[in-house]
Amino acid sequence: MAAPESDGPGRLISHFRNRDSKQQLSGWTELWETDQSDLWDRGKPSPALIEFIESKAEVLYNITNKYRPKALIPGCGKGYDVVALALHGFDVYGLEISETGVATARRYAEAELGEPTEYNYHDLNTWSSSDIGNVTIIAGDFFQKGWEPQGFQGFDVIYDYTFLCALHPSMRQGWARRMHELLAPDGVLICLEFPLWKDLTLPGPPWGLKGVYWNLLAMGGNGIINQPGEEEIDKEGPFRRLLYFKPQRSYENGRGTDMVSVWSALPWQFPDDTHE
Ligand SMILES: C[S@@+](CC[C@H](N)C(=O)[O-])C[C@H]1O[C@@H](n2cnc3c(N)ncnc32)[C@H](O)[C@@H]1O
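Residues numbered from 1 in each chain as written. Predicted model: local features only at pLDDT ≥ 70, side-chain atom pairs only at ≥ 80, totals over all residues. Heavy atoms only, no water.

## A closer look at the overall build of the protein chain
Okay, so step 1: Across its full length, the protein chain holds nine helices and seven strands.
Okay, so step 2: Radius of gyration (C-alpha) of the protein chain: 18 Å, near the 19 Å computed for a compact globule of 276 residues.
Okay, so step 3: Oriented by its inertia axes, the alpha-carbon framework of the protein chain measures out at about 45 × 45 × 40 Å.
Okay, so step 4: Within the protein chain, residue pairs in contact and separated by at least 24 positions form 71% of the contacts whose partners lie at least 6 positions apart.
Okay, so step 5: For the protein chain, the exposed surface amounts to about 12,900 Å²; the carbon and sulfur share of it is 47%.
Okay, so step 6: Seen as two clouds, the 25 positive and the 39 negative side-chain charges of the protein chain have centres 2 Å apart. (Helix = DSSP H or I, 4+ residues; strand = E, 2+ residues; numbered from the N terminus. Rg over C-alpha atoms; globule rule 2.2 N^0.38 Å. Contact = heavy atoms within 4.5 Å. Areas by Shrake-Rupley, 256 points an atom, 1.4 Å probe, with all protein chains shown as cover. Lys, Arg positive; Asp, Glu negative; His and termini not counted. Charge placed at Lys NZ, Arg CZ, Asp CG, Glu CD.)

And the structure:
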């Protein structure tokens, strides 16, 4: 997201000021309809995701060995990461709440899959000949059921970038619960953690997230924290962190602090009052 908070409240923060969790969806839809996606659009897929997918990491071994593993990108925006994963052999579902966003992503995917830009690859020579998966852009609300593909048995990969940080903090535990429901038993949730430089007490979006993923996923907390807690390896929570690393390349907005975390789901009962 582009607005520099050091210059005072950005356009995005002002737009969402005084909107509670029920008014978030209309907030995003309005931004799409008034052509303000420049507030978060970075113009290319995540270098950190591409590098990781091409790294042949052990945690991805069972997934990338499947024919056309299924990936989900919630809040996919224009669909840069959707296309990048499809070009690496995934069948990818991009989910967007805004119809305008959906139409924009479909147009982008059609053009980009026909003539992929180099920015979709880290190692162009090795990967540009990969089998290309299908792209499906779905209009729907991540928190509601019913948009999942037919015969749905869980996604092999879910990628979150600037989706959690876009949500009102009261929606965080609902995000974790939904991720848990949507992941296949042997699937992985990949998060490009951003923004980690931002003070947790400042308004968003983007909302500062340092320590929030750990609280939500490893500890089973509600993700509403004022300062990052200590990260411990053997906490009991809905997810186990399999990998945590600083990517060699990421977007400039990360100010050199972006981290990649990779999670698998554990058996877990979320509290009944988890908001969606
Ligand atoms: C900050 S933008 C990030 C877009 C994209 N990940 C990117 O990096 O360009 C957040 C996106 O999530 C979408 N969104 C917000 N809430 C959603 C929801 N509940 N279900 C699906 N999409 C949602 C918004 O319309 C917006 O496009």
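## Focus: the site of the ligand
Okay, so step 1: In the vicinity of the ligand there are 18 residues, among which Trp 32, Gly 75, Glu 96, Asp 141 and Phe 142 approach most closely.
Okay, so step 2: Contact between the ligand and Trp 32: an oxygen atom at 3.0 Å from a side-chain N or O atom of the residue.
Okay, so step 3: The separation between a nitrogen atom of the ligand and a polar side-chain atom of Asp 141 is 2.9 Å.
Okay, so step 4: When the free accessible area of the ligand is taken as 590 Å², the share hidden by the protein chains comes to 97%.
Okay, so step 5: With three residues, the single largest contributor to the shell around the ligand is helix H2 (residues 24–33).
Okay, so step 6: A class-by-class count of the residues in the shell around the ligand yields twelve nonpolar, four polar and two charged. (Near = heavy atom within 4 Å. Polar contact = N/O pair within 3.5 Å; in protein donor to acceptor, adjacent residues only side chain to side chain. Nonpolar A, V, L, I, M, F, W, Y, C, P; charged D, E, K, R; others polar.)

## Re the sheet that holds strand E7 (residues 259–265)
Okay, so step 1: Taken together, the seven strands give an open sheet; going across it, the order is E3-E2-E1-E4-E5-E7-E6, and neighbouring strands pair in mixed fashion. Each end of this open sheet is capped by a strand with a single partner; those strands are strand E3 (135–139) and strand E6 (239–245). Each strand of the sheet is rotated relative to its neighbour by a mean of 20 degrees, with strand direction disregarded.
Okay, so step 2: As paired elements, strand E4 (residues 155–160) and strand E5 (residues 183–193) share five bridges and run parallel to each other. Following the sheet pairing, Val 157 is matched in E5 by Val 188.
Okay, so step 3: Sheet strands in contact with helix H6 (residues 99–114) are strand E2 (91–96) and E3, and its direction is about 175 degrees off that of E3.
Okay, so step 4: Strands in contact with helix H8 (residues 172–182) are strand E1 (70–74), E4, E5, E6 and E7; relative to E5, the strand with the most contacts, it is inclined by about 140 degrees. (Pairing = 2+ DSSP bridges. Axes fitted to C-alpha atoms, helices over the stretch in contact; angles between N-to-C directions.)

## With respect to unusual backbone geometry
Okay, so step 1: With an omega of -10 degrees, the peptide bond running from Phe 194 to Pro 195 counts as cis.
Okay, so step 2: Along the chain, Pro 195 falls in the loop between E5 and helix H9 (212–218).
Okay, so step 3: Here Gly 204 and Pro 205 are connected by a cis peptide whose omega angle stands at 0 degrees.
Okay, so step 4: On the secondary structure map, Pro 205 appears in the loop between E5 and H9.
Okay, so step 5: A positive phi angle, close to 70 degrees, is found at Asn 18, a residue other than glycine.
Okay, so step 6: Among the structural elements, Asn 18 can be located in the loop between helix H1 (11–16) and H2.
Okay, so step 7: On the basis of relative accessibility, which here comes to 74%, the residue Asn 18 falls in the exposed class.
Okay, so step 8: Its identity is not glycine, yet Asp 35 carries a phi of approximately 60 degrees, on the positive side.
Okay, so step 9: Within the secondary structure, Asp 35 is located in the loop between H2 and helix H3 (47–54).
Okay, so step 10: Judged by its relative accessible area of 65%, Asp 35 is exposed. (Buried < 20%, exposed > 50% of the residue type's maximum accessible area, 1.4 Å probe, protein only.)

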